[in-house]
Amino acid sequence: MKPRLKNLIVHGAGLAMAPICIYGCYPLGISYFAALSMAYGDWYFIFPLVLLGMAAAAPILSVVKYGVAMILCVILSGIVEERKGICSKGQMAFICGSSIFAMTLTEYFLFMKDLSYLYYGMAEGVFAASLTVIFYQTVLLFIHAGEKPEQEEKVTVLDAGRNKLKESAQVLSKLSSCFGEMPDKKEVLTKQDVEEMFQELSQTFCSSCEKCHDCWQNHYFDTYKNTYDVFHAIENDGAHLANGEMALSRQCINYKSLTAEMKRIFNKTKTNMLWYNRIIESRSAVAVQLSEMAKMMGEAAEEIYHPKVVEDGRRDQIRKKLKNHHIITEDISIIQKKNKEEIYMTMHVDWKKCVAVREIGIMISEICQKAFVPEQDSRMLVGRESTSVLFVEDTTFRIVHGVARVAKTGERISGDNFSVLFSDDGQMTASLSDGMGTGIRANKESEMIIELLERFLEAGFCKETALGMMNATLVMNDQNGRYSTVDVVSVDLHDGSCEFVKLGASYTFIKREHVVETIQMESMPIGLFQKQQLVKTERKLEDGDYIIMVSDGVLAPIPEEEQVKVMENLLLEMEQVNPKDMANAIMEKMLRECGCDPKDDMTVLVFGVWKK
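Residues numbered from 1 in each chain as written. Predicted model: local features only at pLDDT ≥ 70, side-chain atom pairs only at ≥ 80, totals over all residues. Heavy atoms only, no water.

Let's talk about the pattern of salt bridges
1) Next: This structure, assessed with the given rule, holds 20 salt bridges.
2) Next: Between Lys-65 and Glu-107 there is a salt bridge whose closest N-O contact spans 3.9 Å. Highlighted residues: Lys-65 in helix H4 (residues 60-84) and Glu-107 in helix H5 (residues 89-111), separated in sequence by 42 residues.
3) Next: Lys-65 sits in the buried class, given a relative accessible area of 9%.
4) Next: Glu-107 sits in the buried class, given a relative accessible area of 10%.
5) Next: Arg-455 is the partner of Glu-451 in a salt bridge, and the nearest nitrogen-oxygen pair spans 3.4 Å. Residue Glu-451 and its partner Arg-455 are both found in helix H15 (residues 439-458); the two are separated by 4 residues, about one turn of the helix.
6) Next: What makes Glu-451 partly exposed here is its relative accessible area of 38%.
7) Next: You can call Arg-455 exposed: its relative accessible area is 54%.
8) Next: Shared partners join several salt bridges into a network, and the residues in it are Glu-200, Glu-261, Arg-264 and Lys-268. (Salt bridge = Lys/Arg side-chain N within 4 Å of Asp/Glu carboxyl O. Helix = DSSP H or I, 4+ residues; strand = E, 2+ residues; numbered from the N terminus. Buried < 20%, exposed > 50% of the residue type's maximum accessible area, 1.4 Å probe, protein only.)

Pasting the structure below:
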């Protein structure tokens, strides 16, 4: 049934029930009015309909009595909504019954009615309250009738998409396992490698010699031992090579040329082993990437195609409240994500004036009794055209950051790069990368690290997955022995939990009133090893805390054994509140330590954490 026809039937029922009399009372009209006010919110339209229906059959005094009672229902329910944010069906039923009894009591005192009249009024109030709940549930069932098959079809489509994505994730996971079962790297030459070297030596160099048969057939063991000693000496960078050549000269007439050929064969075999290890590393890196992709796709399948939809009375309460402000909601979904909720709404206004999205967030917050705000980059206004907006829970904390940067003396550009990223789920992720060396090349390396990390995080990867895939990519890429450090700080702005991840990075400091804590973790730079262990630790932040991230060059002017103590004392003595001023003060102090002649790039990041 079309929504317009449903609305016509629902409102027409109010007009039909209003004149129904029960023992001289007309409770059906006011009960239906209260129920429809909750379900639709357009009391100003239902009110004249019910009054018109009563006027057709009821005495004028009864019409006045129930009309005033309906006005009382509107006023009292509005007060409850103003204070509590919502008016539940139980509260509305109580208000309806109380309004009827209040009018009965007024009539009793004005017209000196019999005491039994009060008892009838109490009974009518209880009956009207019960009818309000019954009518409310009936109206909701009628409004949403026919939506279930559509919902089931939607769920079926979502299940198909989720299963398809999960199947793809399983394929990637199996492929990752196949790559993971590849042979391990070679640390030394194997027995097969040694045999192949001897075979190549005898079949290429010695085969053209007239004494080949005598050496490799009649005196095989002596030849094998002497050549093995020479190979061993070559492997040990020429140690005892003269002794090996002397023993070989007693048997071989071309021992000088033979030694040179053995060096060539050994170096070729060693190079092949290095390339073999490189291929194994690349395959292992691919296995890590495939595994991370499979994990990400599995999580996406659950998050996108199987959201945890919250089914409670808030959707109808939101719909009603917004309708009172001329905002028509076409669809409302309340989705549970971890410990937070998101509300996705499609809506439009039914008159020419636009409504600010932030004002709609305030209305939703009053009903849900927790703060909701539109996501970043959402539309600012809702007009007559359908608009979809995602509302997310507002964060408890806010963060302001400041930065100070100085390049090494003689360099035009710093080799350090940083990023500060805020996500819609209330996460702040700050990253600082120090490229190896200084200047343009170091800047390009650290810039690539930061840009890759930003892209991974914006695509929905967690930082562990992002860093793992970045490390695998850098291992596969020939870095020519140049590596970058990575320092990552992630703060949950809802509860203040903070996680630190370091890959070869310098210290991080937390300043809290008169205490400074140093975060230090032993780890290697990113891209150095195929299996990189992520070292991380967690802390709980409080209102007024500061997080200070520094690159290696900031503490370089101070002797290593005194770096932590000097930095902690400096932070304790600071009176600056603004993070930018604090970063500048730290930089000025360190520049004085090095005589304003920095030997390395210097970057200071300061984050101030405050409750909203």
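Notes on the sheet that holds strand E12 (residues 497-503)
1) Next: On the basis of which strands lie adjacent, the open sheet formed by 5 strands has the order E9-E10-E11-E12-E15 and antiparallel pairing. Looking at which strands have only one partner, the edges of the open sheet turn out to be strand E9 (416-422) and strand E15 (535-540). Direction aside, neighbouring strands of the sheet carry axes that sit 15° apart on average.
2) Next: The pairing of strand E11 (residues 484-492) with E12 spans 6 bridges and is antiparallel. (Pairing = 2+ DSSP bridges. Axes fitted to C-alpha atoms, helices over the stretch in contact; angles between N-to-C directions.)

Notes on helix H19 (residues 579-593)
1) Next: Between the first and last C-alpha of H19 there are 21 Å, a value that for 15 residues agrees with the 21 Å anticipated at 1.5 Å per step.
2) Next: Those residues of H19 lying buried are Pro-579, Met-582, Ala-583, Ala-585, Ile-586, Met-587, Met-590 and Leu-591.
3) Next: Where the residues of H19 are buried, they touch strand E8 (397-406), strand E13 (508-512), strand E16 (546-550), helix H17 (552-555), helix H18 (563-573) and strand E17 (602-611).
4) Next: Its side-chain oxygen at 2.8 Å from the backbone nitrogen of Lys-580, Asn-578 defines the N-terminal cap of H19.
5) Next: Count one or two residues on from H19 and you reach Gly-595, which has phi positive near 70°. (Expected span 1.5 Å × (residues − 1). Contact = heavy atoms within 4.5 Å. Polar contact = N/O pair within 3.5 Å; in protein donor to acceptor, adjacent residues only side chain to side chain.)

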